[in-house]
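Residue-level structural notes
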Amino acid sequence: MGVRGLQGFVGSTCPHICTVVDFRELAERHRSEHPGSTPTIVVDAMCCLRYWYTPESWICGGQWREYFSALRDFVKTFTTVGIKLVFFFDGMVEQEKRDEWVKRRLKNNKEISRIFQYIKSHREQPGRNMFFIPSGLAIFTRFALKTLGQETLCSVQEADYEVASYGLQNNCLGILGEDTDYLIYDTCPYFSIGDLCLESLSTVMLCREKLCESLAISLADLPLLACLLGNDIIPEGMFESFRYKCLSSYTSLKENFDKKGNVILAVADHISKVLHLHQGEKKLEEMLPLGPNKALFYKGVASYLLPGQKSPWFFQKPKGLITLPKQVVSMSSDSEPKQGVPMCADPEPKQGVPMCADPEPKQGVPMCVDPEPKQGVPMCADPDPKDGVPMCADPEPKQGVPMCVDPEPKQGVPMCVDPEPKQGVPMGADPEPKQGVPMGADPEPKQGVPMGADPEPKQGVPMGADPEPKQGVPMGADPEPKQGVPMCADPEPKQGVPMCADPEPKQGVPMCADPEPKQGVPMCADPEPKQGVPMCADPEPKQGVPICIDPESRQGVPIYAHTAIKQKLPLGADPEFKLEASMCTDPAIKQDHMHMEPEVKQVTMVSDPEILKVARAHHVQAESYLVYSIMSSGEIECGNTLEDALDQALPSQAFVYRPVRQRVYALLLGDGRDGASPCPTVKEWFVYSGNPLRHPDLVRPLQMNIPGGTPDLKSLWLNQEPGVQGRRLDALLGCFDLSSSREELQAVENPFKALCCLLIYLFVQVDTLCLEDLHAFIAQALCLQGKSTVQLVDLQLDYIDPRAVQLGSLLVRGLTTLVLVNSACGFPWRTSDFMPWNVFDGKLFHQKYLQAEKGHSVEALVEQNRSRLTKFHALKSVVCKACVKENRRIVSRQHGRSQQPGRWGRQGSGSHRTSSGYSRAGHGQHWRDQGAGNRPYDPDHWRRYSPSSG
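This section reports on the structure supplied with the text. Source: prediction; values computed, not measured.

Conventions we followed
- Residues numbered from 1 in each chain as written.
- Predicted model: local features only at pLDDT ≥ 70, side-chain atom pairs only at ≥ 80, totals over all residues.
- Heavy atoms only, no water.
- Core = buried A, V, L, I, M, F, W, Y, C linked by side-chain atoms within 4.5 Å.
- Buried < 20%, exposed > 50% of the residue type's maximum accessible area, 1.4 Å probe, protein only.
- Contact = heavy atoms within 4.5 Å.
- Axes fitted to C-alpha atoms, helices over the stretch in contact; angles between N-to-C directions.
- Helix = DSSP H or I, 4+ residues; strand = E, 2+ residues; numbered from the N terminus.
- Parallel < 35°, antiparallel > 145°, perpendicular 65-115°, else oblique.
- Left-handed = near helix turned anticlockwise from the far one by under 90°.
- Salt bridge = Lys/Arg side-chain N within 4 Å of Asp/Glu carboxyl O.
- Lys, Arg positive; Asp, Glu negative; His and termini not counted.
- Phe/Tyr/Trp six-rings, centres within 6.5 Å; stacked < 30°, edge-to-face > 60°.
- Lys NZ or Arg CZ within 6 Å of the ring centre and 35° of its normal.
- Pairing = 2+ DSSP bridges.
- 1 Å grid on protein atoms, 1.4 Å probe; cavity = no way out; pocket = protein on both sides within 12 Å on 5 of 7 lines; lining within 4 Å.
- Points joined across faces, edges and corners; volume = space filled by probe spheres on them.
- Arc of directions from axis to C-beta.
- Polar contact = N/O pair within 3.5 Å; in protein donor to acceptor, adjacent residues only side chain to side chain.
- Expected span 1.5 Å × (residues − 1).
- Patch = residues over 30% accessible without salt bridge, like charges linked within 9 Å, V, L, I, M, F, W, Y side chains within 5 Å.
- Areas by Shrake-Rupley, 256 points an atom, 1.4 Å probe, with all protein chains shown as cover.
- Charge placed at Lys NZ, Arg CZ, Asp CG, Glu CD.

Some points on the nonpolar core
A general tendency of soluble globular proteins is for nonpolar side chains to be buried together. Core analysis: the largest hydrophobic core is formed by 214 residues, its most contacted members being Phe74 and Phe78. Beyond its immediate sequence surroundings of up to four residues, Phe74 is in contact with Tyr51, Trp52, Leu85, Phe87, Leu176, Ile193, Leu196 and Leu198. In terms of nonpolar packing, the next biggest core, distinct from the first, is built from six residues, Val102, Trp685, Val687 and Leu693 among them.

Encoded structure:
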């Protein structure tokens, strides 16, 4: 996380940049300097999870009561001294960081494997050196903090960028986290969560000014240094040879410096003594061995520029302008695009490819500039378009740059049109355009993939390819892409709408843009995406389903662009948020950090801007889970879970809950069965054994069986009539395919109603779950109600069972799935009813599991409490009866052993539930063999099962 080697360097070589500070004193100073202003600390919550999770036990699924208590103490300590906390959580994974995300998930898989090996060998929890945070910790921490009355926000782009922006624009006391990127951002002070002492309210402040002084560079040089060293965007090995050369020529080596320290000093010395000599005279690619990585490098540097900030390392004239052939480009990251868009561009593209600032700017700078710019024609393009960059130029350029105007612009505007397509349908390119900028034009593509655009552009800003442009410089993809696939949107959006179709499509894949955009939606992509996660996953998918198509096409998935989505964004960045494909934004947007109401145009999976506005509001306020990502980008992810890869009897949670997610997709996106729209596809990056995460799993919606039909989102989310709550509950039960158990579940008291729903689903889903497992789940939930936090802390276990460890994680992942379903259905249930601190405790479940394993009576499981015993039998009856309706009879473990050749591996007619990884999902294919993220999942095989069979 952060800049490679910088944390160690600071500790060993530059300890003087670390200063111990007292938050009480800082708060008092802030009040005296800013009367009436509340001292505020913005917290990078994802960096703090390990610090916050103080319970000794972590292996059993989480000690949620203890954890909630620790969070309460943390918050109280700051609020007592008058310090306000604002918490930010990651809301997405930006695409240029996907490789790093995958790398960490695969590394975590190895760590989890070692954990289970240790448990099997020692029958105890490993030491803290093998600590792995419980599943769902980040998700439930959001709700815990909101329960504690804290301002909790979920990012719509990279969280560290939003944290840095918020801190800068709100004059915060500082940032609390553990990420060396905060040493690179030019923002408010950075405090270490790892060194925080709650008792004294003191920690270490890392001073970036002192760091620069030690390295003999300026603050503006830090982004350049970070990228040369390697970070989450720039792979560490990319400039390894360059760093070695710097190290070889660096003469001020000291024996007590470690290797990493030497490298950092050497690179900083090269910046200060070599690069500074030509700063402003030469482009970076003329001074550094960027080669084919030029675009990525510029992107990395620009990613550290907060709104309003500029970099002196972008080649520019004294007045801050860049000279391009026939064009003038202003480079800045001003959130109000009066002076252009931040550029990290190649001033003289070798192949007529224009320049690009951060193609996916973390600061969310608008990619469309002022219609009447004061400083030329700002544009955003890729200096070396291997990463496909969206572009947008002045709709009224003073130099009349050709824009491939449609001969009949009222009927549609071409986007990335092949002038001589062999396979594809051009959308009408003007052979002799008078004005405009060709955007994403492949002069001679081999397999043009046309894309639909604005049928009624208000300013006549078509975005297509001029077959014979007579003026200006085309702004688009590689003039000779190997596969000639002009695409819509950035191929590496962090959680954007990936719009790459099959690189070798048999038929042209038109793309759909906003039916009435104000300035058009410029779109372009990488003809050779390296990782970009094309919508069809495999770079050459045989069964891939392109996801961006013409609205009148019956193949693929429609992607819509929207205007007039107004939302107050507490993000401190341009409202053209990163998770959507970059596009034109109203140039008149005024950036008020806390009170922005911009007119945002975003390309999404759904067409209703009102519904998207609601979904986004719930997302930003950390009230929902995954819903907005599904509706906006069609791409979601789930990290590692404590699962034993060697246990072939228990399926991965990724497969167990996939049918629920598929029904949620149908609810949010439609299932395409009405014939009016094509079937959508959602990309899932879920970690499970055997999945190398090279590509996402392509998952299609699953038809829902709801009495009265599937309700629309407006009725679920916006309707306040008395009867709508019942429809919301119908939708929730429909997602779990448990409509037939509605009456029984309604009779269950809170907070056990949601738990029973989840247990019914689990036991229908997984055949290898037995009666003893059910007893343990119910008993721990009942006993938890009468336990204090101290009692739970003092609870001791005889030993640790690996199967119980996985069952605990499986249930917690089910609770996170309930968060998804409940928010998608309009919140029919209170969120508190399925928060783990109310219904689950890891150690308590483990204790009940071990007791049930030894054959203890039900009375012993509920600790001889008559009231609990009565509730136990009532809850057990609800679950068992519901399972019988689904042809699932829950049997005792001993009975199960006599009926099957192996301990858990059931054979015969019921084997499809466990072996497929999800109930009634088809026969014959083991759930472990369901795929490794390289093919789409077709729900057709589900149709063979009638609703009555579940």
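Thoughts on the packing of helix H22 (residues 752-765) against helix H29 (residues 866-885)
Direction vectors running N to C along H22 and H29 enclose 40 degrees, while the axes themselves pass 9 Å from each other. Relative to H29, the element H22 lies oblique. The handedness of the crossing between H22 and H29 is right-handed. For the pair formed by H22 and H29, the contact residues are Phe752, Cys756, Leu759, Ile760, Phe763 and Val764 on the first element and Leu875, Val878, Val879, Ala882 and Cys883 on the second.

Digging into the pattern of salt bridges
Tallied over the entire structure, the rule returns 32 salt bridges. A salt bridge links Glu100 to Arg104, with the shortest nitrogen-to-oxygen separation between them at 3.1 Å. Of this pair, Glu100 and Arg104 are both found in helix H5 (residues 98-122), four residues apart, which corresponds to roughly one turn of the helix. Through salt bridges that share partners, Arg4, Lys97, Glu100, Arg104, Glu158, Asp160 and Asp232 make up one connected network.

Describing the side chain of Asn108
Along the chain, Asn108 turns up in helix H5. For Asn108, the residues in contact, after removing those within four places along its chain, are Phe132 and Asn640.

Description of the side chain of Arg142
Mapping Arg142 onto the fold places it in helix H6 (residues 137-147). One buried charged side chain, Arg142, makes no salt bridge at all; its nearest oppositely charged neighbour is Glu637, positioned 8.2 Å away. Once residues lying within four places of it in the same chain are set aside, the contact partners of Arg142 are Phe89, Asp90, Thr152, Cys154, Ala622, Ser624 and Tyr625.

A short note on the packing of aromatic side chains
Under the defined criterion, the tally for this structure stands at 25 aromatic pairs. The interplanar angle of 35 degrees and the centroid separation of 5.1 Å between the aromatic rings of Phe68 and Trp837 together place this pair among those described as tilted. Of the two residues, Phe68 sits in helix H4 (residues 64-80) while Trp837 sits in helix H26 (residues 836-839), which places them 769 residues apart along the sequence. With respect to class, Phe68 is no different from Trp837; both count as buried. Members of the aromatic cluster, joined through ring pairs, are Phe23, Tyr51, Trp52, Phe74, Phe78, Phe87 and Phe191. When the ring centre of Trp101 is taken as origin, the NZ or CZ atom of Arg98, which lies over that ring, is 5.0 Å away.

Description of the sheet that holds strand S5 (residues 174-177)
Spatially, S1-S7-S6-S5-S2-S3-S4 is the arrangement adopted by the seven strands of the open sheet, whose pairing is mixed. At either end of the open sheet lies a strand with only one pairing partner, and these are strand S1 (18-22) and strand S4 (151-154). On average, adjacent strands in this sheet sit at an angle of 30 degrees to one another, irrespective of strand direction. Set on the sheet, helix H2 (residues 23-33) makes contact with S1, strand S2 (40-44), strand S6 (190-192) and strand S7 (202-206); between it and S1 the angle comes to about 75 degrees. Across the sheet, H4 lies against S2, strand S3 (84-89) and S5, angled at about 140 degrees from S3, the strand it touches most.

Focus: empty space enclosed by the protein
Overall, the coordinates contain six cavities of 30 Å³ or more when judged by the stated rule. Taken as a whole, the largest cavity holds about 80 Å³ of empty space. Around the largest cavity sit Tyr625, Leu626, Cys638, Gln653, Tyr657, Arg661, Phe686, Arg813, Thr816, Thr817 and Leu820, which together line it. Ranked by the residues each element gives to the lining of the largest cavity, the list is headed by helix H25 (residues 802-824), at four residues.

Examining the environment of Phe116
Of note, Phe116 is situated in helix H5. C-alpha separation for the pair Phe116 and Pro126, spaced ten residues apart in sequence, amounts to 9.2 Å. If we skip the residues at most four places from it in the chain, Phe116 touches Leu642, Glu643, Asp644, Pro802 and Val805.

Digging into H2
Among all positions in H2, only Phe23, Leu26, Ala27 and His30 are buried. Angularly, the buried residues of H2 cover 100 degrees about the axis, an arc narrow enough to put them on a single face. Residues of H2 that are exposed and point more than 90 degrees away from the buried face comprise Glu25, Glu28 and Ser32. Considering only its buried residues, H2 is in contact with S1, S2, H4, S6 and S7. Structurally, the start of H2 carries an N-cap: the backbone nitrogen of Arg24 is 2.7 Å from a side-chain oxygen of Asp22.

Quick look at unusual backbone geometry
With an omega of 5 degrees, the peptide bond running from Asn750 to Pro751 counts as cis. Residue placement: Pro751 occurs in the loop between helix H21 (742-746) and H22. At Ala622, a position not held by glycine, the phi torsion is positive, near 60 degrees. Its place among the elements puts Ala622 in the loop between helix H15 (609-620) and helix H16 (627-632).

What to know about H29
A turn of α-helix holds 3.6 residues, and therefore any two residues three or four places apart point the same way. With 20 residues, H29 ought to run about 28 Å at 1.5 Å a step, and its terminal C-alpha atoms sit 29 Å apart, in line with that. Those residues of H29 lying buried are Arg868, Leu869, Phe872, Leu875, Val878, Val879, Ala882 and Cys883. On its buried face, H29 is in contact with H21, H22, helix H23 (771-784) and helix H28 (858-861). The opening residue of H29 is Asn865, an N-cap whose side-chain oxygen sits 3.0 Å from the backbone nitrogen of Ser867. Of the residues trailing H29, Asn887 is marked for its positive phi of about 60 degrees.

Remarks on a positive patch on the surface
Taken together, the side chains of Lys103, Lys107, Lys110 and Arg114 present a region of like positive charge at the surface. Checked against the element boundaries, Lys103 lands in helix H5.

What to know about the pairing of strand S12 (residues 635-638)
Burial along S12 is two-sided: Glu635 and Glu637 and Ile636 and Cys638, pointing in opposite directions, are all buried. Strand direction decides the pairing type here: S12 and strand S13 (residues 682-686), joined by four bridges, are parallel. Note that in S13 the partner of Cys638 across the bridge is Phe686.

Overview of the packing of H22 against H25
For the pair H22 and H25, the least separation of the axes is 10 Å and the interaxial angle reads 115 degrees. Where H22 crosses over H25, the two elements pack in a sense that is right-handed. On the side of H22, the interface is formed by Ala754, Leu755, Leu758, Leu759 and Leu762, while H25 contributes Leu810, Leu811, Gly814, Leu815 and Leu818.

With respect to the environment of Asp179
Note that Asp179 resides in the loop between S5 and helix H8 (181-184). Spatially, the C-alpha atom of Asp179 lies 7.2 Å from that of Cys47, the residues being 132 residues apart in sequence.

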